[in-house]
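One-letter residues, chain by chain:
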Amino acid sequence: MQFDDVILGRRSIRGYKPDPVPRALIEEIISLAMRAPSSMNTQPWNFYIVTGEPLNRIRAGNTERMVAGIPQSREFRTGQGFAGQHRDRQVGVAKQLFSAMGIARDDKEGRQDWVLRGFRQFDAPVCVIVTYDRVLDGSDDTPFDCGAVATALVNAAWSRGLGAVINSQGIMQSPVVREHAGIADDQVIMKSIALGWPDESFPANAVVSERKSVAEATVFVGFED
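For the structure given in this document, a descriptive report is provided here.

## As for the sheet that holds strand β2 (residues 126-133)
Item 1. If you walk across this open sheet you meet the four strands as β1-β2-β4-β3, and the pairing is antiparallel. For this open sheet the edge positions go to β1 (45-51) and β3 (163-167), each flanked by a neighbour on one side alone. Geometrically, the sheet is characterised by an average inter-axis angle of 25° between neighbouring strands, direction not taken into account.
Item 2. Relative to β2, β1 is paired through seven bridges, and the arrangement is antiparallel.

What follows is the structure in structure tokens.
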């Protein structure tokens, strides 16, 4: 693929085939992703790649604890809920997804099932858990770098025919994730990325989220019209 094809063609994939992903291919994708920009070359990121029975245990533990009403325990700060235009965009993509899946506004069961899919890592065959070195906790550069490497990872995966979606639901119950993924104490769990072969028959996979225009997002200073 050409670079533009990857950037413009990539979509968040929320439905996967059960086919396994070869370890060698994942290593290739991680190697590409780690060429992402890094503040002063600190490279704070690490990756725990989980599949098979350990991933099934994480799925089960996440789901059981959330259904039981156990408060989420994300290790990286969550911030306040979105409001204003940011909330509008969040609602907008949810409407796109629910429409694609045929989930009506009053379909509480359907909406609950959709939420639980997130805690199951969308049933993807692989989960990539992005962590950063605890010694850097509190550094503003560190989450910036982890965001850059996560973006590079999903684009590298797409260029190889794989789908991915960056999400937080999969790491909401951090004790479960830490136990079954064997995450070292010197690491902070930041994000998870579902990874696998896209199921093209899954309706939500066709959704392309809207983006604001360059004119809305950009201020040019010192340029001649």
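## With respect to the nonpolar core
Item 1. Core analysis: the largest hydrophobic core is formed by 28 residues, its most contacted members being Ile29, Phe47, Val128, Leu153, Leu162, Ile193 and Leu195.
Item 2. If you list the elements that add at least two residues to this core, you get α2 (23-33), β1, β2, α6 (141-159) and β4 (187-196).
Item 3. At eight residues, α6 tops the list of elements feeding residues into this core.
Item 4. Once you skip the residues sitting within four places of it in the chain, Val128 turns out to touch Phe47, Tyr48, Ile49, Leu153, Lys191, Ser192, Ile193 and Leu195.

## A closer look at the packing of helix α3 (residues 52-67) against helix α7 (residues 174-181)
Item 1. Remark: α3 packs on α7, axes separated minimally by 9 Å, with the N-to-C direction vectors making an angle of 165°. With respect to each other, α3 and α7 are oriented roughly antiparallel. The two elements α3 and α7 meet at a crossing, and its hand is right-handed. In contact with Pro54, Arg57, Ile58, Gly61, Asn62 and Arg65 of α3, α7 contributes Pro175, Val176, Val177, His180 and Ala181.
Item 2. Here the residues of the contact of α3 with α7 are counted per class, giving six nonpolar, three polar and two charged.

## Some words on unusual backbone geometry
Item 1. Unusually for a residue other than glycine, Met40 sits at a positive phi of about 55°.
Item 2. Checked against the element boundaries, Met40 lands in the loop between α2 and β1.
Item 3. Judged by relative accessible area, which is 73%, Met40 ranks as exposed.
Item 4. Positive phi outside glycine occurs at Gln43, with the angle close to 45°.
Item 5. Locating Gln43 in the fold gives a position in the loop between α2 and β1.

## Here's the deal with the pairing of β3
Item 1. In terms of burial, β3 is largely enclosed, as four of its five residues are buried.
Item 2. Here β3 runs beside β4; their pairing, made up of five bridges, is antiparallel. Its bridge partner being in β4, Ile166 is matched across the sheet by Ile193.

## Details of the pattern of salt bridges
Item 1. By the definition in use, this model includes six salt bridges.
Item 2. As a salt-bridge pair, Asp123 and Arg117 come within 3.6 Å of each other at their nearest N and O atoms.
Item 3. The class for Asp123 is partly exposed, based on a relative accessible area of 32%.
Item 4. Residue Arg117 is classed as buried on the basis of its relative accessible area, which comes to 12%.

## Quick notes on the environment of Ile49
Item 1. Following the sequence through the fold, Ile49 ends up in strand β1.
Item 2. Once the C-alpha coordinates of Ile49 and Ser192 are considered, the two residues, 143 residues apart in sequence, prove to be 9.7 Å apart.
Item 3. Setting aside residues up to four positions removed in sequence, Ile49 forms contacts with Ile26, Ile30, Val126, Cys127 and Val128.

Thresholds applied
Residues numbered from 1 in each chain as written. Predicted model: local features only at pLDDT ≥ 70, side-chain atom pairs only at ≥ 80, totals over all residues. Heavy atoms only, no water. Pairing = 2+ DSSP bridges. Helix = DSSP H or I, 4+ residues; strand = E, 2+ residues; numbered from the N terminus. Axes fitted to C-alpha atoms, helices over the stretch in contact; angles between N-to-C directions. Core = buried A, V, L, I, M, F, W, Y, C linked by side-chain atoms within 4.5 Å. Buried < 20%, exposed > 50% of the residue type's maximum accessible area, 1.4 Å probe, protein only. Contact = heavy atoms within 4.5 Å. Parallel < 35°, antiparallel > 145°, perpendicular 65-115°, else oblique. Left-handed = near helix turned anticlockwise from the far one by under 90°. Nonpolar A, V, L, I, M, F, W, Y, C, P; charged D, E, K, R; others polar. Salt bridge = Lys/Arg side-chain N within 4 Å of Asp/Glu carboxyl O.

In short, the description is geometric, and any link to function would need to be established separately.
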